[in-house]
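# Coordinate inspection notes
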Amino acid sequence: MATMPRSLFWIRTDTAGSDLALVDDRAGLAARGTAQAASPVPHTCRYEVVTDEAWTTVRLEVVVEGAGWLRSLRMERAGGRWRVNTSEMGDLDAALAATGQRPVGLPGTDDPDRLGDAVDVDLGAAPLFNTLVVRRLGLLDAPPGTTHRITVAWVLVPSLLVVPAEQVYTALGDGVVRFASEGFSADLPLDPHGYVLGYPGLADRPASA
């Protein structure tokens, strides 16, 4: 396993938790990360994502684990189609029910063709994945007002359910982009490499990190 030259660390602001991503962005992106969160049930999320040199996602692997359950997901894009494979051990729905929460069903998707328009993936509650879109579309240096409406393969955590989601990215200038999806919007400040410095209501990168 190769070492990674850069690390990014976020502290969750919506729940107790954190996210550490190790990245190599010298030719597209290769990254692996570990996130921990207390909600909706305590869990660890380990992920690995690879893009091509144009920052188009090629592969995503995710393992989410909590007390008494574990789920995994592997997504690969080839020939304009996504292949989605999942596995589950234990019972996440039972863990959720024990805390009075609704079941989330099975991981993955029963119809990968619904993801046909998606060239990006978005892993729930992981700020790294906004950068994939920012870099692929060149939004960091785009004129203010530049807007792109895209479809992503949105991976919910901890369920690992995969659904198509429409998202809108708008360059605001001065290293800020506006993200909007399904009635939600947030202005995301970026560092000079396009990585999120702060995500309102979700996470912040401490200055010391």
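It should be noted that the structure appears before, not after, this text.
Keep in mind that this is a model prediction, so the values were computed, not measured. (Residues numbered from 1 in each chain as written. Predicted model: local features only at pLDDT ≥ 70, side-chain atom pairs only at ≥ 80, totals over all residues. Heavy atoms only, no water.)

## Considerations on the overall build of the protein chain
Counting its secondary structure elements, the protein chain contains 2 helices and 14 strands. Against the compact-globule benchmark of 17 Å for 209 residues, the protein chain has a radius of gyration of 17 Å, which places it among compact chains. Of all 209 residues assigned to the protein chain, the portion counted as buried reaches 45%. Pairs at least 24 residues apart make up 44% of the contacts formed inside the protein chain by residues separated by at least 6 positions. A total accessible area of about 9,800 Å² is found for the protein chain, and carbon and sulfur atoms account for 51% of it. When the 18 positive and 26 negative side-chain charges of the protein chain are each reduced to one mean point, those points stand 2 Å apart. (Helix = DSSP H or I, 4+ residues; strand = E, 2+ residues; numbered from the N terminus. Rg over C-alpha atoms; globule rule 2.2 N^0.38 Å. Buried < 20%, exposed > 50% of the residue type's maximum accessible area, 1.4 Å probe, protein only. Contact = heavy atoms within 4.5 Å. Areas by Shrake-Rupley, 256 points an atom, 1.4 Å probe, with all protein chains shown as cover. Lys, Arg positive; Asp, Glu negative; His and termini not counted. Charge placed at Lys NZ, Arg CZ, Asp CG, Glu CD.)

## Section: the sheet that holds strand β14 (residues 203–204)
Taken in spatial order, the 9 strands line up as β7-β6-β5-β4-β3-β2-β1-β14-β13 in an open sheet, and their pairing is antiparallel. Pairing within the sheet leaves two strands with one partner each, and these edge strands are β7 (81–90) and β13 (198–199). Here 6 bridges tie strand β1 (residues 6–12) to strand β2 (residues 17–24), and the two strands are oriented antiparallel to one another. Considered in β2, the bridge of S7 is made with L22. Packed onto the sheet, helix α2 (residues 128–136) meets β1, β2, β3 (30–37), β4 (43–51), β5 (57–66) and β13 and runs at close to 20 degrees relative to β4. (Pairing = 2+ DSSP bridges. Axes fitted to C-alpha atoms, helices over the stretch in contact; angles between N-to-C directions.)

## Some points on α2
Among the 9 residues of α2, 7 are classified as buried, and the element is accordingly described as predominantly covered. Looking only at α2, the buried set comprises L128, F129, N130, T131, L132, V133 and V134.

## Examining the side chain of H43
Mapped onto the secondary structure, H43 falls in strand β4. With relative accessibility at 9%, the residue H43 sits in the buried group. One polar contact links the side chain of H43 to the main-chain carbonyl oxygen of V41, over a distance of 2.7 Å. Beyond its immediate stretch of four places on either side in the chain, H43 contacts A35, Q36, A37, V64, E65, G66, W69, V157 and P158. (Polar contact = N/O pair within 3.5 Å; in protein donor to acceptor, adjacent residues only side chain to side chain.)

## A few points about the sheet that holds strand β12 (residues 184–189)
The 5 strands lie next to each other as β8-β9-β10-β11-β12, forming an open sheet whose pairing is mixed. This sheet does not close on itself; its edge strands, each paired only once, are β8 (120–123) and β12. Going from strand to strand, the sheet's axes swing by 35 degrees on average, the running direction of each strand aside. In the sheet, β8 pairs with strand β9 (residues 147–155) via 4 bridges, with the strands oriented parallel. Paired with V121 across the two strands is A153, which belongs to β9. Contacts from α2 reach β8, β9, β10 (162–173), β11 (176–181) and β12, with the element oriented near 155 degrees to β8.

## So, the packing of aromatic side chains
Following the criterion strictly, the structure yields 5 aromatic pairs and no others. Each member of the aromatic cluster is reached from another via a ring pair, and the members are Y169, F179, F184 and Y199. (Phe/Tyr/Trp six-rings, centres within 6.5 Å; stacked < 30°, edge-to-face > 60°.)

## What to know about the nonpolar core
Core analysis: the biggest nonpolar cluster contains 54 residues, and V62, M75, L128 and F129 have the highest contact counts within it. It is α2 that contributes the most residues to this core, 5 residues altogether. Not counting chain neighbours up to four residues away, the residues in contact with V62 comprise C45, R46, Y47, R71, S72, L73, L123 and L160. (Core = buried A, V, L, I, M, F, W, Y, C linked by side-chain atoms within 4.5 Å.)

## Considering the environment of R74
Position of R74 relative to the elements: it lies in strand β6 (residues 69–78). Spatially, the C-alpha atoms of R74 and V63 are 8.9 Å apart, while their sequence positions differ by 11 residues. Ignoring any residue separated from it by four or fewer positions in sequence, one finds R74 in contact with R59, L60, E61, R83, V84 and N85. Polar contacts involving the side chain of R74 include one to the side chain of E61, which spans 2.7 Å. Within the structure, R74 has its side chain in polar contact with the side chain of E76 (distance 3.1 Å).

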